[in-house]
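Coordinate analysis (summary)
What follows is the residue order along each chain.
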Amino acid sequence: MTDAADSAPSDFIRDRIRQDLASGKVQQVVTRFPPEPNGYLHIGHAKAITTSFSIAQEFGGRCNLRMDDTNPGAEDQEYVDAIMDDVRWLGFTWDALYHAADYFDQLYAWAEQLVEKGLAYVDDQDAEQIAANRGTVTSPGTNSPFRDRSVTENLELLRAMKAGKFGDGEKVLRAKIDMAHNNLNMRDPVMYRIRHMHHARTGDAWCIYPMYDWAHGQSDSIEGITHSLCTLEFEHHRPLYDWFCDSLGIYKPQQIEFARLNVEYMLTSKRKLLLLVEGGHVDGWDDPRMPTLRGLRRRGYPPQALVAFARHVGLAKVNGTHEMALLEHFVRDHLNKHAQRRMAVLDPVKLIIDNWPEGQVELMQAQNNPEDPGAGTREVPFGKELWIERGDFMEHPPKDFFRLTLGREVRLRSGYFVKAEAIEKDAKGHITAIHCTYDPTTKGGNAPDGRKVKATIHWVSAQHALDAEVRLYEHLFTDPDPASADGGDFLKLLNPVSKQVGRGKLEPSLKEAKGGEFFQFERLAYFYCDHIDSKPFLPVFHRTVTLKDAWKKAQAKAK
RNA sequence: UACCCCGUGGUGUAAUCGGUAGCACAGCAGUUUUUGGUACUGUUGGUUCCUGGUUCAAGUCCAGGCGGGGUAACCA
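Taken together, 68 residues lie around RNA strand B, and R341, F402, R403, R413 and G444 are the ones closest in. Sugar plus phosphate, as a fraction of atoms of RNA strand B within 4 Å of the protein: 64%. Within the side chain of R134, an N or O atom sits 3.2 Å from a phosphate oxygen of RNA strand B. Between RNA strand B and N336, the relevant distance is 3.1 Å, taken from a sugar or linking oxygen to a side-chain nitrogen or oxygen of the residue. Looking at the surface near RNA strand B, the elements that each hand over two or more residues are α6 (127-133), β6 (190-194), α12 (303-313), α13 (324-338) and α14 (550-558). Looking at the surface near RNA strand B, its residues break down into 22 nonpolar, 23 polar and 23 charged.

The following block contains the structure:
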């Protein structure tokens, strides 16, 4: 990595932390990643995770994973498990795993304290009345008629709420702050609501559940979080976060907000992602086209690439959108160094070597990874009939095409030089086979007389080829910014060819490919052996990202 | 028409106490190459949103504009 920012990131959050360390305000940095287990993690979370965990690592601190499970109606154990799995997959290890639900007793005790201080009250208004009396961004709210109940009455009512004396929605506990505050979050925010629901962690012990604002800062405080990092939309909550800690007189962490991650062609709204899944526009939450961590994993994006990307994009307060090309750069960068090379022909046409002895098979030595000599070599069978890529031959080529054409010699990668001599066509004029001759002195790919060829193409022995399913993926959307589709209808921006399933002729060694392995199919793209749909000796490959293709680009430009 | 946050090349970001705009990706050109990949080299592109002000000196400070984003769930 040549980018200095990747080894020593510099941003406003790290600056702040250095200050706090230097001033002695904090001794050891403690951060946390606090997802609500109500959905799957996506690429945006990868940035949040990388940020909090990396910062803790860099400053010799700790980072907790905390399930923000304060709303039993939305959460599920399945998500808790998936979240832990995804964080581990990214390569991070939490110092402690906590659940906001574990703090319910403490939270309740603090709530009574606030009531006793006259800073919280029980409100009998229903949700609609509360919303109506909150006012608007331009007009102040009005006090609840129940706002001035006595401490004694509030305490009795709160205890009755906790004891289950009321039905859902009948009463709430509210902080008593200022109904005219210009920050709507400060207009007597709801702290507890009544929900007679079973909680995955606390069972039926509670029928009142804390709201985010009443739980989050206090959870941070209990855990001794020094820097509570979150996204920009929580800026307006910071005054309330501070108010609760100050009113309680407890340790107050510093909340710092940064811009969330946006990437071209990707959506990270939970609601929109759900529409894609439920509408059958993708094959589930782990569809390789989804921006979920599980989807990206099946696409073949290495976690190291995601982390490198997240570190590179940095932390700032401006909401922007990153180019897909940047993400793909990190994916290619990692895969180039670590993916073994294989040969595969996805759009095959037969190449027949006329002067090759009938029935003879030779094993060619092929390098597994030119970027990593330690990866060794493998044997690839070579015979009289081979599959080559249809696009690697042109009968009437433009002058800048230097692959195979009649009368021209090219190199078969790790094989021999061959020269095209004739072609066979069907009734419609489609090429069905190309006849060529090979030079026996060029085994391995070099001519003893030193003559050069302009191109090297890949091939697979027809006799030995593995016929396997190959899934080609492209952007899910045709527009880089699907979120701002006309009328919000992002579904009409769906790319109709985002997934194409086909079969390819693969070199026989790929029969042994295991789910979870990734390869570079030379001259084409990086491919991931799917860990879900592959079966022993029946691998299924997902195209992760294509190789850069200067020829294709030049052609596109010529048009 | 309330409050909060923000405004640096196409994109994203950097620039100690204010010292004369850097990096990555993308683009372009070339070298190397048994992947038209990789690597390497060079290069285009910025009146640092605008206008004033303070200063020897402003992307950094101040004022006023303009522009963008966020906020009104018993969600997080």
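Past the structure itself, the notes keep going.
Working note: regular strand, side chains alternate between the two faces of the sheet. Looking at chain direction, strand β21 (residues 466-473) and strand β22 (residues 499-506) are connected through 8 bridges and run antiparallel. In the sheet register, V470 faces β22, and the bridge partner there is G502. Of the pairings in the sheet, the one linking β21 to strand β25 (residues 540-546) comprises 3 bridges and is parallel in character. Among the inter-strand pairings, E469 is bridged to a residue of β25, identified as V540.

Taken in spatial order, the 7 strands make up an open sheet running β10-β23-β24-β25-β21-β22-β11, and their pairing is mixed. In this open sheet, the two strands that pair with only one neighbour each are β10 (340-342) and β11 (344-345). Each of β10, β23 (518-521), β24 (525-529) and β25 touches α13; the most contacted strand, β25, lies at about 120 degrees to it.

With that settled, the discussion passes to the sheet that holds strand β7 (residues 208-210). Remark on secondary structure: sheet strands pair via backbone hydrogen bonds, oriented parallel or antiparallel. Here we have 4 strands laid out as an open sheet, ordered β4-β5-β6-β7, and antiparallel in their pairing. The open sheet is flanked by β4 (120-123) and β7, the only strands paired with a single partner. The mean inter-strand angle of the sheet, taken between neighbouring strand axes irrespective of direction, is 20 degrees. Bridge analysis of strand β5 (residues 172-175) against β6 gives 3 bridges, and the strand direction is antiparallel. Counted as the bridge partner of V172 is R193 from β6.

What follows concerns the confidence of the model for chain A. Atomic detail in the predicted coordinates should be set aside for any region of low pLDDT. Scored by pLDDT, chain A comes out at a mean of 95, with 99% of its residues at no less than 70. Note on residues 1-6: pLDDT under 50 across the span, and 8 contacts to partners over four residues away in sequence or across chains. Here the prediction assigns the complex a pTM of 0.95, and the interface score ipTM is 0.95.

So, about the pattern of salt bridges. Inspection of every chain in the model, using the stated rule, returns 46 salt bridges. When the shortest N-O distance is used, the salt bridge between E112 and R159 registers 2.9 Å. Linking E112 in helix α5 (residues 104-116) with R159 in helix α7 (residues 151-162), this pair joins segments that are 47 residues apart in sequence. In this structure, D148 engages K176 in a salt bridge whose closest nitrogen and oxygen atoms are separated by 3.5 Å. A residue pair is termed long-range when its members are at least 10 positions apart, and D148 in the loop between α6 and α7 and K176 in the loop between β5 and β6 qualify at 28 residues. It is possible to trace a salt-bridge network through shared partners that takes in D286, R298, E469, R471, D530 and D533.

Time to look at the side chain of D86. With respect to the helices and strands, D86 occurs in helix α4 (residues 77-90). Taking the relative accessible area as the measure of exposure, D86 reaches 0% and is therefore buried. With residues near it in sequence (within four places) discarded, D86 still touches L41, L293, R294 and R297.

Looking at the secondary structure, you find H227 in strand β8 (residues 227-231). Spatially, the C-alpha atoms of H227 and T405 are 64 Å apart, while their sequence positions differ by 178 residues. Apart from residues no more than four positions distant in its own chain, H227 is found in contact with I17, D20, V26, V29, V30, T31, Q254 and I256.

We now examine the environment of T432. One can find T432 in strand β18 (residues 431-439). The partly exposed category is assigned to T432, whose relative accessible area is 37%. Here the alpha-carbon distance between T432 and V349, two residues 83 residues apart in the chain, equals 6.5 Å. In contact with T432, other than residues within four places in its own chain, are V349, K350, E424, K425 and D426.

Let us now look at unusual backbone geometry. Not every positive phi belongs to a glycine, and D188 is a case in point at roughly 45 degrees. Assignment of secondary structure puts D188 in the loop between β5 and β6. Since its relative accessible area comes to 0%, D188 is described here as buried. One non-glycine residue with positive phi stands out, namely F537, at about 65 degrees. Following the sequence through the fold, F537 ends up in the loop between β24 and β25.

So, about helix α2 (residues 12-22). Every buried residue of α2 is accounted for by I13, R14, I17 and D20. Projected onto a plane normal to the axis of α2, the buried residues spread over an arc of 120 degrees and lie on a single side. Exposed side chains of α2 directed beyond 90 degrees from the buried face belong to Q19 and A22. Residues of α2 that are buried make contact with α3 (43-58), β8 and β9 (254-258). Directly beyond the C-terminal end of α2, a positive phi value near 85 degrees is found at G24.

Between α5 and α7, the least distance of the axes is 9 Å, while the angle of their chain directions is 160 degrees. Taken together, the axis directions place α5 and α7 in an arrangement best described as roughly antiparallel. For the pair α5 and α7, the crossing hand works out as right-handed. In this structure, α5 uses Y108, A111, E112, V115 and E116 to contact α7, whose residues at the interface are V151, N154, L155, L158, R159 and K162. Its residues assigned to classes, the contact of α5 with α7 comprises 6 nonpolar, 1 polar and 4 charged.

The rules behind each value
Residues numbered from 1 in each chain as written. Chains lettered and ligands numbered in written order. Predicted model: local features only at pLDDT ≥ 70, side-chain atom pairs only at ≥ 80, totals over all residues. Heavy atoms only, no water. Near = heavy atom within 4 Å. Polar contact = N/O pair within 3.5 Å; in protein donor to acceptor, adjacent residues only side chain to side chain. Helix = DSSP H or I, 4+ residues; strand = E, 2+ residues; numbered from the N terminus. Nonpolar A, V, L, I, M, F, W, Y, C, P; charged D, E, K, R; others polar. Pairing = 2+ DSSP bridges. Contact = heavy atoms within 4.5 Å. Axes fitted to C-alpha atoms, helices over the stretch in contact; angles between N-to-C directions. pLDDT = per-residue confidence, 0-100. Salt bridge = Lys/Arg side-chain N within 4 Å of Asp/Glu carboxyl O. Buried < 20%, exposed > 50% of the residue type's maximum accessible area, 1.4 Å probe, protein only. Arc of directions from axis to C-beta. Parallel < 35°, antiparallel > 145°, perpendicular 65-115°, else oblique. Left-handed = near helix turned anticlockwise from the far one by under 90°.

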